[in-house]
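Residues per chain are reported as follows:
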Amino acid sequence: MWPNIQYYCPCFSTSSIQSPPPPILASSSASFHSLHNLYFCEECDAIRCNRCVSVEVSGYYCPNCLFEVPSASVRAEKNRCARNCFSCPICRATLTVVASDPPDDGSGRPVAPLNNVGEAPYFLYCNYCRWDSSEVGITFEKPTGLAAQLQKYEDSAPDSLEFERLKEHFEPFLRTSALPSSSHLPALTPHHLHTSSVTAAASAALARDISGVGKYNPLVRSRSGRDRTANKDEMPEYKSRVEVGLFGQLGGGGDDVDVELLRRTETAGEIAKLEQRWGNSWISSLRTSELRPLRIPLHSKVSKRCPACRHILIKPEQKAQSVRYKIKLAAANYLPALTVAFPQLQAAKRVVGKSQSSGADPKNASVMVAGMTNNAFQLALTNPLYDPIQVRLSPQRVTDGRGFQVSLPLAPFSIGAFAEAWEYDDDEDMFGVDDDELGLDGGRGTREKDSRGRAKTVGVLEKRANVTVVGGEVNVHRTYRGEVKFNMLVSYTYRSDDPLPSEDGAGTPSRTVAKTPEVKTFSFYTVVDLGPVVSRDDKGDFETS
């Protein structure tokens, strides 16, 4: 929704300048992100997004029982929880284990007891939709270790049998490909030493001969003919357990049985929905009565690294019960937060009930009008650092023929340091102080006046705490129709108030000499979207609608 501001990540840029693409291009949306979705690398002093960071799995856990699963057991358990965690095939709620003789509440339907006291057999029961596993013939001899008892049903499934057959087929080839051969392979670099057997097998499979395509190997060029003969048909052809023409026998191939089932269907509830059959990796039956409970899939906690320096950007706590992070370098903690708004909309929000009494939408005032030279907007910049910063805004010049011009304060302005509300001494610190360097009255509610005595709309409008509000204008040509979007370069400079001690006299507080505070500068691009442009006539129709 407009108006809004998004931040630019230069990961898609191939040039050294790393300037953002024109915002009018549809493909440019992939390069701009919200501030809360970005990260900041302290080593590279660069913005990172989810598209360019490297993701590593830190651990696996079950979202239901919060049991941490070792990485070695994830593949063996097929990325499912190996405990008593099952989801209902009808409503996807968590199933509970009940005995075969639950108490009756008078409605004729079984009710789950408070504990698992009862006689075998046990079954899974859904407290939401009243489904139980006894309807599909699945019962258990004991209330613990249900995943192991249900293993016999999963092992006999067509998808499990086919997957085991695939592993048996590729296992000899993977074992052979993983063996090192020093006779014709080059010396292994540190990158190749970390190559897994699966990667080596995939590389070897891609290097196989293709009929009609010549093979080039500079290391054994003279023996290319002999190698081609030796590697030919190295892996035998794989044959599936079930032929393609026999898929209809599994109950989901659209054969005459399914057609007859649809003819005899009386209610839509008898046919399983697509989302109910989506979790099955093989063609399943269309009948709702034949759906089976599913083990809850595992979730993972991931760490994110900078793609350039491999510095850790995000590292969560290892425990599944914890939602904290050991390392969290979010861009919101390093870059000033920018928000854009229209002064007319802000004024309408201050007056309680004004828009409701008039029956007009306050958003109607937040539209760029063609032919006007004073389409005003406001930018609020919030400083997240504990040091005051100097900010300079540089809107990018429009050179692609768009009919509007943007006016913003080009002189640098200051933003106060971040502090908690109770850390301010008085109201003057909370709501703004005078800025002698820029010659601006930073008091609360003060505005600069032009020669005619009117309040200025371009410049620093308000300062309070760590927030500075600046105003700008857009001059839209009377024939222009489209959206007002432009790139803006934001540069900020700050000086750290915590100087590091020098190397002379280290370890002796009396001899410690403080260094001069370091001045740092960082720049980043943003895109400002002020919404569509309408004509004066359309503006009136828009307000009365």
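In the block above lies the structure referred to throughout.
Thresholds applied
- Residues numbered from 1 in each chain as written.
- Predicted model: local features only at pLDDT ≥ 70, side-chain atom pairs only at ≥ 80, totals over all residues.
- Heavy atoms only, no water.
- Helix = DSSP H or I, 4+ residues; strand = E, 2+ residues; numbered from the N terminus.
- Buried < 20%, exposed > 50% of the residue type's maximum accessible area, 1.4 Å probe, protein only.
- Contact = heavy atoms within 4.5 Å.
- Areas by Shrake-Rupley, 256 points an atom, 1.4 Å probe, with all protein chains shown as cover.
- Pairing = 2+ DSSP bridges.
- Salt bridge = Lys/Arg side-chain N within 4 Å of Asp/Glu carboxyl O.
- Lys, Arg positive; Asp, Glu negative; His and termini not counted.
- Polar contact = N/O pair within 3.5 Å; in protein donor to acceptor, adjacent residues only side chain to side chain.
- Core = buried A, V, L, I, M, F, W, Y, C linked by side-chain atoms within 4.5 Å.
- Phe/Tyr/Trp six-rings, centres within 6.5 Å; stacked < 30°, edge-to-face > 60°.

A. Region of interest: the overall build of the chain. Helix and strand counts for the chain stand at 13 helices and 23 strands. Out of the 545 residues belonging to the chain, those deemed buried represent 32%. Considering only residue pairs separated by 6 or more positions, the chain has 68% of its internal contacts joining residues 24 or more positions apart. Accessible surface, the chain as shown: approximately 33,700 Å² in total, 51% of it carbon and sulfur.

B. Main features of the pairing of strand β16 (residues 375–382). For β16, the buried fraction is high: 7 of the 8 residues fall into the buried class. Pairing between β16 and strand β21 (residues 467–476): 8 bridges, direction antiparallel. Considered in β21, the bridge of Ala 380 is made with Val 469.

C. Here's a closer look at the sheet that holds strand β6 (residues 68–69). Spatial strand order, β6-β5-β11-β12-β13: 5 strands in an open sheet with antiparallel pairing. In this open sheet, the two edge strands, each paired with only one partner strand, are β6 and β13 (325–328). Direction of pairing for strand β12 (residues 312–316) relative to β13: antiparallel, over a ladder of 3 bridges. Residue Ile 314 lies in a different strand from β13, and its bridge partner there is Lys 328.

D. Geometry of the pattern of salt bridges. Per the counting criterion, the structure on display carries 7 salt bridges. Salt bridges sharing partners connect three or more residues here, namely Glu 56, Arg 305 and Arg 310.

E. Up close: unusual backbone geometry. Even without glycine at this site, Leu 66 takes up a positive phi of about 55°. By the secondary structure assignment, Leu 66 is in the loop between β5 (54–61) and β6. Even without glycine at this site, Arg 92 takes up a positive phi of about 65°. Within the secondary structure, Arg 92 sits in the loop between β7 (86–87) and β8 (96–98).

F. Molecular detail of the side chain of Lys 301. Examined against the element boundaries, Lys 301 turns out to sit in strand β11 (residues 299–305). Buried within the structure, Lys 301 lacks any salt-bridge partner; Glu 68 is the closest side chain of opposite charge, at an N-O distance of 7.0 Å. In this structure the side chain of Lys 301 is engaged in a polar contact, spanning 2.5 Å, whose partner is the backbone oxygen of Lys 319. Not counting the four nearest positions on each side in its chain, Lys 301 is found in contact with Glu 56, Val 57, Ser 58, Gly 59, Tyr 61, Pro 316, Glu 317, Lys 319, Ala 320 and Ser 322.

G. Molecular detail of the nonpolar core. If you look at the biggest cluster of nonpolar residues, it comprises 51 residues, and the most contacted ones within it are Leu 335, Leu 379 and Leu 530. Among the elements that take part in this core, strand β22 (residues 483–495) stands out by supplying 6 residues, more than any other. Non-local contacts of Leu 530, meaning those with residues more than four positions away in its chain, are made with Trp 2, Pro 3, Val 340, Phe 342, Met 368, Phe 377, Val 474, Val 484 and Phe 486. Counting 14 residues, the second largest nonpolar core, distinct from the first, contains Phe 86, Ala 99, Trp 131 and Leu 146.

H. Inspection of the packing of aromatic side chains at higher detail. Tallying each qualifying case throughout the model produces 12 aromatic pairs. Their ring planes at 65° and their centres at 6.3 Å tell us that Tyr 492 and Phe 524 sit as a pair that is edge-to-face. Remark: Phe 524 occurs in strand β23 (residues 519–534) and Tyr 492 occurs in strand β22; sequence separation between them is 32 residues. When sorted by exposure, Tyr 492 lands in the same class as Phe 524, which is buried. Through a chain of ring-to-ring contacts, the aromatic side chains of Tyr 7, Phe 40, Tyr 334, Tyr 492, Tyr 494, Phe 522 and Phe 524 assemble into a single cluster.

I. Quick look at the side chain of Asn 375. By the element assignment, Asn 375 lies in strand β16. Within the structure, Asn 375 has its side chain in polar contact with the backbone nitrogen of Val 369 (distance 3.1 Å). Apart from the residues within four sequence positions on either side, Asn 375 is in contact with Val 367, Met 368, Val 369, Gly 472, Glu 473, Val 474 and Val 476.

J. Expanded view of the pairing of strand β17 (residues 389–395). Judged from the 3 bridges that link them, β17 and strand β19 (residues 413–415) form a sheet pairing that is antiparallel. Its bridge partner lying in β19, Gln 390 is registered against Ser 414. Where β17 and β22 come together, 7 bridges link them in antiparallel fashion. Its bridge partner being in β22, Ile 389 is matched across the sheet by Tyr 494.

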